Amino acid sequence: MRMGAVLGQNLVVDYRPGAGGALGAGITVKSAPDGYTIMMASSTALAINVNVRKSLPYDPRRDIAPKSSLSTIETAIQDVGRRIDETREDLAPAADHLTRQIEEMSRTLKDMAPRGAVASVETAVRELAQRIQQALDLSELAERTEIAGPGFINVWLRTDTLGRLLAAMDDPALGIAPAPLPHAVVIDLCGVNVAKQMHVGHLRATIIGDVMARLHERLGRKVWRENHLGDWGLPIAMTLASLRRQKRDFARLTLEDLNTAYRAAQAEAKSDEAGQAAAIATGAGPHRLAEFDAQNAPALAAERDAKATLLKLQSGDPATVADWQRLIDVTMAEVFATARVLGVKLGPEHSRGESFYRDRLGPVVEAFVSKGLAREDAGAIVVHYADRERPMLIRKADGGFLYATTDLAAVRFRVQELDGGRVIYVVDARQRDHFKDVFDAIRLIGWDTLPDGSHADLSHLQFGTVLGKDKRPLKTRSGENFTLKALLDEAVERGVQQVMRRAAEADAPTHGLPEAELRAIGAAVGIGAVKYADLSGDPVKDYVFDLDRMIAFEGDTGPRSEEHTSELQSQFRISYAVFCLKKK
């Protein structure tokens, strides 16, 4: 039980159960001119409001006598208990728990007056404020302190203290002392796939990841930005094989061409094997089976061609490797261009593809098997956990590896070879189970151990989904993901429109500026609006991508913050000019 403080005429009684408690609940007692309102709320969605009339007229100049006050509150709480009892049939578990809370509160309230713990609620708070004031040593910071009202503590800062604090900020680091770490910080961000356009889902991984990297860099820490590039495996080989069959000129390919080819290759290699198996199982005639053979033949041929292409790629065939590298170059050119538009530091030196880990996957599986941490299951190799039913598959029955295998190899590399004391994955919240499994497997095998014997902190910085105005995942009218480029182009255009409209006003600071400069300002406004909307809320929560609201210069928006910053800078320039004139 914790009795809250009184601010004015409000008494807050807040109860939080201990570690074994299954339910949190709070009771708030608020006074009004004609009585108390007691509000009880709990995590069960049960909320009860009780109005209790005072027997005495309200007089703010008179302390409320402890006996009458507590008696009135106790009566109200007892009434809450009676109402809970009336709802017991529907809310029996919650009612039982809350009733126990109320009984405990009543005992505490009864004990307060006899012990003389509180002369009055207002006096008690002032006494507490005085004790805090006496315990504070603010001689280096403040001229004096003073108790005001029912218990506020006002502090008068010394002018020389303010001057010293401001002077400490007058250096390139703005007064922020470096806080280096003994090991590097590794941040997994962006995470694009070769031959596919960046979509709205990459927005948050890129923006939030860049902010995390900048924060650690600002504190003087070694930071590795790792863009985990999906550049290996059968899907890429399928796209590559399809383009070669079409005899496409790889030198003239665009990312839109690759995006189309990727989808077409997936569809081309899709056969109806399940239908054929069902036909065989049900004893279909030879004519029907022949139809399935003819229907599946093109898909099976495309799949064989893709596997042959992958084999050439794995063996290092120069022509195949050159074409594969072209797919990567075309993809990454747009990724880096998008990063520049967003103001994100991301370049070739920050990108490490799945292909980098291809020779490490087999040893990963062998290590888990040799240590008894993985075993065969129907031909596949799986890792089992003691605290969950789901296993983690690290090698398929046909010998193929999975995302989990690559992630295990990547974490091992990042901890043991990049010296990552903190490894942060900025990835969609829907991947939480996957990363829990990967991180727990890393700890099981001991690959989180650094050379000095310390253990790396492996964390998944989760983020929510970008929604449309309909509160559903943001899609085009055809149901496809918005490309990130299209989204940012629209944001820039809307920002330019806003800036142009405001510049048309004669008294606007931007009135009369050249169009090129206005467009540059508009682009900054549009991109700033997108980044502010993404970063101003809780990352794990979904947020609505609404450009009408995001681009507005009113409310809690990026453009409004930029406008405030511009005004402050203007005041600084004016102040400096005045200072220089006076100095002359």
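These numbers come from a predicted model, not from an experiment.

Section: helix α10 (residues 318–342)
Then comes step 1: Along its 25 residues, α10 runs 36 Å from first to last C-alpha, staying within 8% of the 36 Å computed at 1.5 Å per residue.
Then comes step 2: Downstream of α10 by one or two residues, Gly 343 has phi in the positive range, about 70°.

Side note on helix α12 (residues 403–416)
Residues separated by three or four positions in an α-helix point in the same direction, a consequence of the helix having 3.6 residues per turn.
Then comes step 1: Over its 14 residues, α12 extends 20 Å from the first C-alpha to the last, a length consistent with the 20 Å expected when each residue adds 1.5 Å.
Then comes step 2: Counting buried positions along α12 yields 11 of 14 residues, so the element is predominantly enclosed.
Then comes step 3: Those residues of α12 lying buried are Ala 404, Thr 405, Thr 406, Asp 407, Leu 408, Ala 409, Ala 410, Val 411, Phe 413, Arg 414 and Val 415.

What to know about the sheet that holds strand β15 (residues 457–463)
Then comes step 1: Strand order in the open sheet formed by 5 strands is β10-β9-β8-β14-β15, with parallel pairing between adjacent strands. Two strands bound the open sheet, and with one partner strand each, they are β10 (351–353) and β15. Within this sheet the neighbouring strands show an average axis-to-axis angle of 25°, counted without direction.
Then comes step 2: One ladder, built from 3 bridges, connects strand β9 (residues 223–229) with β10; its direction is parallel. If you follow His 228 over to β10, its bridge partner there is Arg 352.

Structural notes on the pairing of strand β11 (residues 374–377)
Then comes step 1: With 4 bridges connecting them, β11 and strand β12 (residues 380–383) associate as antiparallel partners. Note on β12: the bridge partner recorded for Arg 375 is Val 382.
Then comes step 2: Taking the residues that link successive antiparallel strands as the turn, the β11-β12 hairpin has 2 residues, and the phi of Ala 378 there is positive, at about 55°.

Some words on the pattern of salt bridges
Then comes step 1: Counted according to the given criterion, the structure contains 32 salt bridges.
Then comes step 2: Among the ionic pairs, Arg 352 bridges to Glu 226, the shortest N-O distance being 2.8 Å. Linking Arg 352 in strand β10 with Glu 226 in strand β9, this pair joins segments that are 126 residues apart in sequence. Both residues of the pair, Arg 352 and Glu 226, count as buried.
Then comes step 3: Note that Asp 433 is salt-bridged to Arg 390, the shortest N-O span being 3.8 Å. Here Asp 433, found in helix α13 (residues 432–445), pairs with Arg 390, found in the loop between β12 and β13 (392–395); they are 43 residues apart in sequence, far enough to count as distant.
Then comes step 4: Residue classification places Arg 390 among the partly exposed residues on the basis of a relative accessible area of 31%.
Then comes step 5: Several salt bridges share partner residues, and in doing so they unite Asp 387, Arg 388, Arg 390, Asp 433, Lys 436, Asp 437, Asp 440 and Arg 443 into one network.

Remarks on the packing of helix α14 (residues 484–503) against helix α15 (residues 515–535)
Then comes step 1: Taken N-terminus to C-terminus, the directions of α14 and α15 make an angle of 125°; their axes are 7 Å apart at the nearest point. In this view, α14 runs oblique relative to α15, as classed from their interaxial angle. Handedness of the α14/α15 crossing: right-handed. Each of Leu 488, Ala 491, Val 492, Glu 493, Gly 495, Val 496, Val 499, Met 500 and Ala 503 in α14 lies in contact with α15, whose residues at this interface are Glu 515, Leu 518, Arg 519, Ile 521, Gly 522, Ala 523, Val 525, Gly 526, Ile 527 and Val 530.
Then comes step 2: A per-class count over the contact of α14 with α15 returns 13 nonpolar, 3 polar and 3 charged.

Analysis parameters
Residues numbered from 1 in each chain as written. Predicted model: local features only at pLDDT ≥ 70, side-chain atom pairs only at ≥ 80, totals over all residues. Heavy atoms only, no water. Helix = DSSP H or I, 4+ residues; strand = E, 2+ residues; numbered from the N terminus. Expected span 1.5 Å × (residues − 1). Buried < 20%, exposed > 50% of the residue type's maximum accessible area, 1.4 Å probe, protein only. Pairing = 2+ DSSP bridges. Axes fitted to C-alpha atoms, helices over the stretch in contact; angles between N-to-C directions. Salt bridge = Lys/Arg side-chain N within 4 Å of Asp/Glu carboxyl O. Parallel < 35°, antiparallel > 145°, perpendicular 65-115°, else oblique. Left-handed = near helix turned anticlockwise from the far one by under 90°. Contact = heavy atoms within 4.5 Å. Nonpolar A, V, L, I, M, F, W, Y, C, P; charged D, E, K, R; others polar.

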